[in-house]
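Coordinate analysis (summary)
Okay, here's what each chain looks like letter by letter:
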Amino acid sequence: MTSDAPVVVGVDGSPSSLAAVGVAAAEARMRRCPLRVVHAFTPPTLYVPRYPQSVQAAERSLRAVAAQALTDAEQRARELAPGIDVSGEIVTGESLTVLRDRSRGAALLVVGSRGMGSFAGLLLGSTSAKLAAHAQCPVMVVREEPSPGLPVLLGADGSPAGEAAVAFAFEEAALRGTKLVALHAWTPWTVEGPPPPDRSMPYANEPGVLEAGEERLLAETLAGHLNDYPDLTVERRVVRDNPRKALLKASSGAGLLVVGARGHGGFASLLIGSVSQALLHHAECPVAVVRP
C-alpha cells in the first residue's frame, strides 16, 4: 500500500515527542507514505516599546530551540526508518491550531502524551487531549515506544460511532503483521436487555442471555471486515467488566490500543467520551483515537 497522504508528527524536543517520532516513522514506513515533522512556534507576544531588542532576542532564542528540536526529530526518523521521505517545518502559531490544520488530508497524526509545557503532575498534555477530539484524521498519542510484535487491541462497543475505529484497527494489525484482539466489555448497566415475551412476566432474562447478545454484537461488529483481511488472526474477547478497567488492563500487553472518540452513552456535545479520555491518560501503550 502506497499513499500520498502523509503521517504527521508534532515535535517540541521533549522525550515524549521523540518517542512519537519513532512511532510515526514506523507508521510512514509501513504505509509507504511521507513523514512530515512539524514544530509549532509561538513568538513572544509581549511587546515592550522601550526595549524591542529584548523581544527580538527572545524570539531568536526560541527559534534556535525550535530548529534544534526539528533537526533532532528528522535525524531520528531517518535513523529508524531509512528510505522514507522525511521533511520538516517550523510553523508560526499555536500548536493545537497548527497541528489541527496539518491533520487535514493526513493519514495519521502522531503526538507525544506530554510536551515541554506540561505540569509534572499531568499525565496527558492539553494539546494531545484536544487534538484527539478535534483533529481531522486519526490521532495516535504516544507516551513511550512500545515493544515490537505486540498485538493491536481494539476497544469495540458496537456503536455506529466506533465503526471507523474498527476499520482502522484492522488496517493497523495488517500493516504491522500482528494479531488483532477485539475486546468488548459490558456490564448489566451498559446493556439494554430484551423485554420478556409476555408483558405480564417480570422484566428479567434467563442466565446467559445478555452475554450471548454481547457476543453476537461483537461478531456483527467485526463481520464486515473479516473478508477483507482473510490472513489476519483476530481474537475475540467478550468480558463482563467495566470497559475502562478492562481496556486499561489489556493495554499492558498491546502494541497499540484503538478506540472510537465516542461510543454508547456519550452526550451529543462531547467530542470524546469518558472511556477514551481515561485511556489516553492511563493506557500502557500508544492509543489511537479515531473519530467518525
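Attention in this report is confined to the structure presented alongside it. (Residues numbered from 1 in each chain as written. Predicted model: local features only at pLDDT ≥ 70, side-chain atom pairs only at ≥ 80, totals over all residues. Heavy atoms only, no water.)

Quick notes on the sheet that holds strand β3 (residues 86–92)
Going by this rule: Strands are labelled as partners when DSSP assigns at least two bridges between them. A run of H or I in DSSP becomes a helix once it reaches four residues, and a run of E becomes a strand once it reaches two; helices and strands are each numbered from the N terminus. Lines fitted to C-alpha atoms define the axes here, with helix axes fitted over just the stretch in contact, and angles between the N-to-C directions of these axes take values from 0 to 180 degrees. Any two residues having at least one pair of non-hydrogen atoms within 4.5 Å are treated as being in contact.
The strand order across the open sheet built from 10 strands is β3-β2-β1-β4-β5-β10-β9-β6-β7-β8, with neighbouring strands paired in mixed fashion. A single partner strand is all that each edge strand has here, and the edge strands are β3 and β8 (234–240). Each neighbouring strand pair of the sheet contributes to a mean axis angle of 20 degrees, computed without reference to strand direction. Alignment of strand β5 (residues 139–142) against strand β10 (residues 287–290), held across three bridges, turns out to be antiparallel. Each residue of the ladder has a partner; that of Met 140, found in β10, is Ala 288. In the packing of helix α1 (residues 15–31) onto the sheet, contacts are made with β1 (7–10), β2 (35–41), β4 (108–112) and β5, and the angle to β1 comes to roughly 175 degrees. The sheet contacts of helix α7 (residues 243–250) involve β6 (152–155), β7 (180–186), β8 and β9 (256–260), and relative to β7 the element is tilted by about 155 degrees.

A short note on the pairing of β6
For clarity, the cut-off: A 1.4 Å probe rolled over the protein chains alone gives each residue an accessible area, and that area as a share of the maximum for its type sets the label: buried under 20%, exposed over 50%, partly exposed in between.
Residues Val 152 and Leu 154 point to one face of β6 and Leu 153 and Gly 155 to the other, with burial holding for every one of them. Pairing of β6 with β9, which is carried by three bridges, proceeds in the parallel orientation. Bridging from a neighbouring strand, Leu 153 pairs with Leu 257 of β9.

Notes on the environment of Leu 109
Relative to the elements of secondary structure, Leu 109 occurs in strand β4. For Leu 109, a relative accessible area of 0% gives the class buried. Considering only alpha carbons, one finds Leu 109 and Ala 24, 85 residues apart in sequence, at a separation of 8.2 Å. Residue contacts for Leu 109: discarding those within four places in its chain leaves Val 8, Leu 99, Ser 103, Leu 131, Ala 135, Cys 137, Pro 138, Val 139 and Met 140.

Considering the pairing of β10
Side chains Val 287 and Val 289 project from β10 onto one buried face, and the interleaved Ala 288 and Val 290 project onto a second face that is buried too. Relative to β10, β9 is paired through four bridges, and the arrangement is parallel. Its bridge partner being in β10, Val 259 is matched across the sheet by Val 289.

Overview of the packing of α7 against helix α8 (residues 274–282)
Here is the rule we go by: Should an angle lie under 35 degrees it is considered roughly parallel, over 145 roughly antiparallel, and from 65 to 115 roughly perpendicular; all remaining angles are considered oblique. Left-handed is the label given to a crossing in which the near helix is rotated counterclockwise from the far helix by less than a right angle, and right-handed is the label when the rotation is clockwise. Three residue categories are used. Nonpolar comprises Ala, Val, Leu, Ile, Met, Phe, Trp, Tyr, Cys and Pro, charged comprises Asp, Glu, Lys and Arg, and polar comprises the others, including Gly.
Interhelical geometry of α7 versus α8 gives an angle of 30 degrees and a closest axis separation of 10 Å. Considering the angle they form, α7 stands roughly parallel to α8. Crossing of α7 over α8 shows right-handed handedness. Contacts between α7 and α8 involve Arg 244, Leu 247 and Leu 248 on the former and, on the latter, Ser 274, Val 275, Ala 278, Leu 279 and His 282. Here the contact of α7 with α8 is built from residues that sort into five nonpolar, two polar and one charged.

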